[in-house]
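This is what each chain is made of:
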Amino acid sequence: METKTLAEGWAKRWGFTFPVLLDPDGAATSSYAPAGVLPDLPRDQVPIASNLIIDREGKIRFFSLLDSAKFDARLVALRARLDELLVEKP
Amino acid sequence: MIATALLAVAAQAVTPPPLVVTVSVPEAVRIVAGGSARARVVVAIEKGFRIQANPASEPYLVPARLRLKQDDRVRMGPVEYPPGKPYRLHGTSSDLSVYEGTLVVLVPLEAPGSAGTGTRGGLDLVLEGTLEYQACNRVVCLKPSSAPARVPVRIEPDRRP
């Protein structure tokens, strides 16, 4: 999908301050598709347009799908979960 | 600490997205040499899915785009797309412009006066290409993908005296 050049341009345009991972074969993307979520879909398709919080051990601590009927445009649920996780002791 | 990550999936990904769009041309476009016609390209989208219209409502979205290979025997004009339908994600303040169901894309074609004159019954050719799109349904967006498109064209000699 995206080339490195395109991804770099996009990151610059929108001022991303976080690392962006290029995933040429979809392996990293597939590894973050929770088991049982959209089982009929190829695993590297599942995280597209979804929201994840991944902790320091690499575990998924929050996952939400697009859900256009109840779309969380302001990421209220994700922010709430993030606040919970940030007060956890390491 | 906690990190959010953006996963950019690259083109070499091994698994193609499910096919949710098909492209067909019900009948060959007939053009008299020296004349013009418009090909009607029918795009059918699987129920429950939508694709971004052309033009897309936001610059970061992937619009539906028909790309046909040039053929020296026929000239192509700019592809004409139907207007999209408004679609609003809950909680957002603006509409997306999308296609759902079936739509028709028009391709203006023009045959030079000399086209097909070397053959008694006319000239048959096929314009090959793809329809690029990104599809979403209620819970997921698929990777940008493309569906093959074939536009059969028949150029008939101008028999006017």
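Computed from a predicted model, the values in this text were never measured in an experiment. (Residues numbered from 1 in each chain as written. Chains lettered and ligands numbered in written order. Predicted model: local features only at pLDDT ≥ 70, side-chain atom pairs only at ≥ 80, totals over all residues. Heavy atoms only, no water.)

## A short note on unusual backbone geometry
Residue B:Pro55 follows B:Asn54 across a cis peptide bond; omega there is 0 degrees. Within the fold, B:Pro55 resides in the loop between strand E5 (50-52) and strand E6 (65-68). Although it is not a glycine, A:Leu38 sits at a positive phi angle of roughly 45 degrees. (Helix = DSSP H or I, 4+ residues; strand = E, 2+ residues; numbered from the N terminus.)

## Some remarks on the side chain of A:Asp55
Residues and elements named next belong to chain A. With respect to the secondary-structure elements, Asp-55 resides in the loop between strand E2 (51-54) and strand E3 (60-64). Residue class for Asp-55 comes out buried when judged on its relative accessible area of 8%. A polar contact is formed between the side chain of Asp-55 and the backbone nitrogen of Lys-59, at a distance of 2.9 Å. (Buried < 20%, exposed > 50% of the residue type's maximum accessible area, 1.4 Å probe, protein only. Polar contact = N/O pair within 3.5 Å; in protein donor to acceptor, adjacent residues only side chain to side chain.)

## Things to note about the sheet that holds strand E2 (residues 21-24) of chain B
Residues and elements named next belong to chain B. Spatially, four strands are ordered E2-E4-E10-E7 in an open sheet, and the strand pairing comes out antiparallel. The open sheet has two free edges, formed respectively by E2 and strand E7 (75-76), since each of these has just one partner strand. Direction of pairing for strand E4 (residues 36-45) relative to strand E10 (residues 102-110): antiparallel, over a ladder of nine bridges. Bridge assignment links Arg-40 to a residue of E10, and that residue is Leu-106. (Pairing = 2+ DSSP bridges.)

## Things to note about the pairing of E3(A)
One ladder, built from four bridges, connects E2(A) with E3(A); its direction is antiparallel. Paired with A:Ile54 across the two strands is A:Ile60, which belongs to E3(A).

## Regarding the confidence of the model for chain B
Overall, the predicted model of chain B reaches an average pLDDT of 87, with 87% of residues at or above 70. Note that pLDDT drops below 50 for residues 1-13 of chain B; the model gives that stretch 43 contacts with residues more than four away or on any other chain. (pLDDT = per-residue confidence, 0-100. Contact = heavy atoms within 4.5 Å.)

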